[in-house]
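Understanding the architecture of this molecule
So you can see what is in the structure, the chains are spelled out below.
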Number of protein chains: 2
Amino acid sequence: MSETQRLPRSDNRLKLVLDEAARLFREKGYAATSMRDIAAAAGMLPGSLYYHFTAKEDLLVAVYEEGVRLITEKVQAAVARHERPWERLEAAAVAHLEALLKTGDYALVVIRVLPRDVPGAAARLLRLRDRYERLFAELVAALPLPAETDRDALRLMLLGSLNWSQHWFREDGRATPRAIARSYIRLLREAQKP
Amino acid sequence: MSETQRLPRSDNRLKLVLDEAARLFREKGYAATSMRDIAAAAGMLPGSLYYHFTAKEDLLVAVYEEGVRLITEKVQAAVARHERPWERLEAAAVAHLEALLKTGDYALVVIRVLPRDVPGAAARLLRLRDRYERLFAELVAALPLPAETDRDALRLMLLGSLNWSQHWFREDGRATPRAIARSYIRLLREAQKP
DNA sequence: CAGAAAAACAAACGACTGTTTGCTTTATAC
DNA sequence: GTATAAAGCAAACAGTCGTTTGTTTTTCTG
């Protein structure tokens, strides 16, 4: 009955594998990234990846989970620094966009790789993303808005435009993630003044 | 010197190939769709596709071109029915979203397949999409807005949120493409009233 | 230091990839 | 009606795909 369990070895390269997988999934997408690409980037042989993950889909899910964790963490920390509803939403929008465009690869994979493109893991990916987006639903619910304002539309419009910005954003430009998120919030906020 | 040029045959299946390619590219994305998938869907052998297209990338470009043509056509027709700037932009937004979510496969491929995912054709795809998006820049430029309003942000926010709706829109729901586009416009428009 | 588990190597499996080549069928044009 | 070009078939090319299996190396644990 002695289940001999041992701690991971100190020289293990799981973290490196995840980092390189995140980078490649973000750069080329899921289907266009091969297990051989990831293995080569991590300096190991293709078959070795299967010691850590039983399938390519599980590797993606692991990256996805870390991405959601990172964004959630940043957004929650940013929101906690404010008290007024609109300022909390603005802080969330800024943190969300900075996580996507500045933090690195994990976060971007979450909105770059579409769940429907990974049939065997779509359900798991959607569950992760839905849980995160509920954060924004709560922030929008707390806004002081005229009764006729469509809160769902407001939330979807904000998140949609933020997420889409990955496709046109250029690092060199003068528009920072923070400035973009703020201008979007301003466009929405002005509309809701009595 | 007699260059014997002949008309395409009446039984040719080029249109069918394009239709099936558009459907598959929309459903599974570019990388996950194989030439064999397309050939099988069109009821022919893989090699036969190369009579019509010299490479998979060219097949995508052909679908893309038709998609841009369709959206442009619908948006221009819708805009022409109105005179006041905000109504013209709203008509464009509605037509854009209906083209994506109702018209069919060609239009959706244009925003579903990312140019960067098709290295050999990225430049061609981007040129097509930029030309189309200039339509919206003109419509936004014509809006009567306060001097401090950021017109670029407004355009990017509108198009971004419209394009992102492909990811959450469900046909069964009560929200039609028309209603979604109108609620987005309303959120922006109210903000700009003096 | 000995034993065991962790982590990776080495090599291959069959299936699938985009594409090419040569040949055949068939509608069109004169 | 017959030459001719359009369209597609049939079969294969070399390469890549995700994954499996057996073995080896290396670190940790007692």
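The present account deals with the structure reproduced in this document. None of the values given here were measured: they were computed from a predicted structure. (Residues numbered from 1 in each chain as written. Chains lettered and ligands numbered in written order. Predicted model: local features only at pLDDT ≥ 70, side-chain atom pairs only at ≥ 80, totals over all residues. Heavy atoms only, no water.)

**Some words on the overall build of chain A**
Heads up, the rule is: Segments assigned H or I by DSSP are reported as helices when at least four residues long, segments assigned E as strands when at least two residues long, and all are numbered from the N terminus. Residue burial is assigned from relative accessible area. The probe radius is 1.4 Å, only protein chains are included, and a residue is buried under 20% of its type maximum, exposed over 50%, and partly exposed in between. Two residues form a contact once any of their heavy atoms are found within 4.5 Å. A 1.4 Å probe and the Shrake-Rupley method give the accessible areas. Residues count as covered only by the protein chains that appear here. Here the positive residues are Lys and Arg and the negative ones are Asp and Glu; neither His nor the chain ends is included. By convention, charge coordinates are those of NZ in Lys, CZ in Arg, CG in Asp, or CD in Glu.
Secondary structure assignment for chain A yields nine helices and zero strands. Ordered by position from the N terminus, the helices and strands of chain A form the series α-α-α-α-α-α-α-α-α. Along the first, second and third principal axes, the C-alpha set of chain A runs to 65 × 45 × 30 Å. Put simply, chain A has 194 residues, and 48% of those count as buried. For chain A, contacts bridging at least 24 residues in sequence account for 69% of all contacts bridging at least 6. Accessible surface computed for chain A: about 10,400 Å², of which carbon and sulfur atoms make up 50%. The positive charge centre, built from 31 side chains, and the negative charge centre, built from 26, are 2 Å apart in chain A.

**Some points on the interface of chain B and chain A**
Many analyses report the size of an interface as the accessible area lost when the parts associate. Here is the rule: Note on terms: buried area is the combined drop in 1.4 Å-probe accessible area of two parts once they are placed together, counting the loss on both. By definition here, a salt bridge exists when the distance from a side-chain nitrogen of Lys or Arg to a carboxyl oxygen of Asp or Glu is within 4 Å. Throughout this description, a polar contact denotes any pair of N or O atoms lying within 3.5 Å of each other; where both atoms belong to protein, one of them has to be capable of donating a hydrogen while the other can accept it, and for residues adjacent in sequence the pair is counted only when both atoms sit in side chains.
Each partner contributes to the interface: chain B provides 30 residues, whereas chain A provides 30 residues. For the pairing of chain B and chain A, the buried interface totals around 2,700 Å² over both sides, and the portion due to carbon and sulfur atoms is 67%. In terms of surface lost to chain A, no three residues of chain B exceed B:Met157, B:Trp164 and B:Leu187, which account for 29% of the buried area on that side. Between the two partners, chain B and chain A, sit two salt bridges. The closest approach of N and O atoms between B:Arg112 and A:Asp117, which form a salt bridge, is 2.9 Å. One can count three residue pairs in polar contact (both at pLDDT 80 or more) joining chain B with chain A. Within the residue set of the side of chain B that touches chain A, elements represented by two or more residues are helix 1 (14-28), helix 6 (105-112), helix 8 (151-164) and helix 9 (177-191) of chain B. Top contributing element to the side of chain B that touches chain A by residue count: helix 8 of chain B, with nine residues.

**Brief notes about the protein's contact with DNA strand D**
The test is simple: Think of it this way: one heavy atom of a residue within 4 Å of a molecule or strand is enough to make that residue near it. Nonpolar residues are Ala, Val, Leu, Ile, Met, Phe, Trp, Tyr, Cys and Pro. Charged residues are Asp, Glu, Lys and Arg, and all others, Gly as well, are polar.
Every one of the 25 residues lining DNA strand D counts as a neighbour, but A:Ser10, B:Arg6, B:Arg9, B:Tyr51 and B:His52 are closest to it. Near the protein, within 4 Å, the atoms of DNA strand D are sugar or phosphate in 63% of cases. Within the side chain of B:Tyr51, an N or O atom sits 3.2 Å from a phosphate oxygen of DNA strand D. For the surface near DNA strand D, a count of residues per class yields eight nonpolar, eight polar and nine charged.

**Some thoughts on the relation of the copies chain B and chain A**
We count it as follows: Least-squares superposition aligns the copies on the C-alpha atoms of those residues with pLDDT at or above 70 in both.
The two copies are related by a screw operation: chain B maps onto chain A through 180° of rotation and 0.0 Å of translation along the axis, at an RMSD of 0.0 Å. Considering both components of the superposition, the chain copies are consistent with a two-fold axis. Comparing interface residues between copies, 100% of those in chain B also sit at the interface in chain A, which points to an isologous, same-surface contact.

**Observations concerning the pattern of salt bridges**
Counted by the stated rule, this structure contains 32 salt bridges over all chains. Between B:Glu27 and B:Arg26 there is a salt bridge; the shortest N-O distance is 4.0 Å. Looking at B:Glu27, the relative accessible area reads 36%, which means it is partly exposed. A salt bridge links B:Asp105 to B:Arg26; the shortest N-O distance between them is 3.0 Å. Within this pair, whereas B:Asp105 is found in helix 6, its partner B:Arg26 is found in helix 1, the two being separated by 79 residues in sequence. With relative accessibility at 18%, the residue B:Asp105 sits in the buried group. One network of salt bridges, in which partners are shared, links A:Glu20, A:Arg23, A:Arg26, A:Glu27 and A:Asp105.

**Structural notes on the packing of aromatic side chains**
Residue and element names in this part refer to chain A. Just so we agree on the cut-off: Ring pairs shown here join Phe, Tyr and Trp side chains whose ring centres sit within 6.5 Å, with only the six-membered ring taken for Trp; geometry is labelled stacked below 30 degrees between planes, edge-to-face above 60, and tilted in between. In this scheme, the term charge over a ring applies when either NZ of a lysine or CZ of an arginine sits within 6 Å of the ring centre and within 35 degrees of the ring normal.
Going through the model one piece at a time under the given rule, you end up with four aromatic pairs over all chains. Residues Phe-25 and Tyr-30 carry aromatic rings whose centres are separated by 5.5 Å and whose planes lie at 40° to one another, so their mutual orientation is tilted. Each of the two residues, Phe-25 as well as Tyr-30, counts as buried. For the cation-ring pair, Lys-56 lies above Tyr-30, with the distance from its terminal atom to the ring centre recorded as 4.3 Å.

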